[in-house]
Amino acid sequence: MIDIKLRILLAERRMTVTELSEMTGISRSTLYPLKNNKSKMIQLNTLNKIMMALNIDGISQLIEYIPTEKTINKPIEFS
């Protein structure tokens, strides 16, 4: 599972999605699924804008990989 920590980062900064949207030019309709950890994908340009606006040094401050039962010990298949 991929955990996007945008909700925590915004709360720590006492910032709203609207404020982040205004700072980055990213629409609120893109940011809300990220904040609620419901997004299925994210563009690198979007990540970059969020990290710059929130003054984040490393991607691990924003995104965390959490292994689940389905992913542990499962071989990776390449086509």
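First, a word on scope: everything that follows refers to the structure included in this document. (Residues numbered from 1 in each chain as written. Predicted model: local features only at pLDDT ≥ 70, side-chain atom pairs only at ≥ 80, totals over all residues. Heavy atoms only, no water.)

## Quick look at the environment of Ile 42
Inspection of the secondary structure puts Ile 42 in the loop between helix H3 (28–35) and helix H4 (44–53). Residue classification places Ile 42 among the partly exposed residues on the basis of a relative accessible area of 27%. Sequence separation of Ile 42 and Thr 30 is twelve residues, and the distance between their C-alpha atoms is 8.9 Å. The contact partners of Ile 42, leaving out residues within four places of it in the chain, are Leu 34 and Leu 47. (Helix = DSSP H or I, 4+ residues; strand = E, 2+ residues; numbered from the N terminus. Buried < 20%, exposed > 50% of the residue type's maximum accessible area, 1.4 Å probe, protein only. Contact = heavy atoms within 4.5 Å.)

## A word on the side chain of Thr 46
Structurally, Thr 46 can be placed in helix H4. Residues contacting Thr 46, with those up to four places away along its chain left out, are Ile 26, Thr 30 and Leu 34.

## Examining the packing of helix H2 (residues 17–24) against H4
Geometrically, a packed helix pair is captured by the angle between its two axes and the distance between the axes. H4 packs onto H2 with a crossing angle of 105° between their chain directions and a minimal axis gap of 10 Å. Considering the angle they form, H2 stands roughly perpendicular to H4. Contacts from Leu 20, Met 23 and Thr 24 in H2 reach Lys 49, Ile 50 and Ala 53 in H4. Its residues assigned to classes, the contact of H2 with H4 comprises four nonpolar, one polar and one charged. (Axes fitted to C-alpha atoms, helices over the stretch in contact; angles between N-to-C directions. Parallel < 35°, antiparallel > 145°, perpendicular 65-115°, else oblique. Nonpolar A, V, L, I, M, F, W, Y, C, P; charged D, E, K, R; others polar.)

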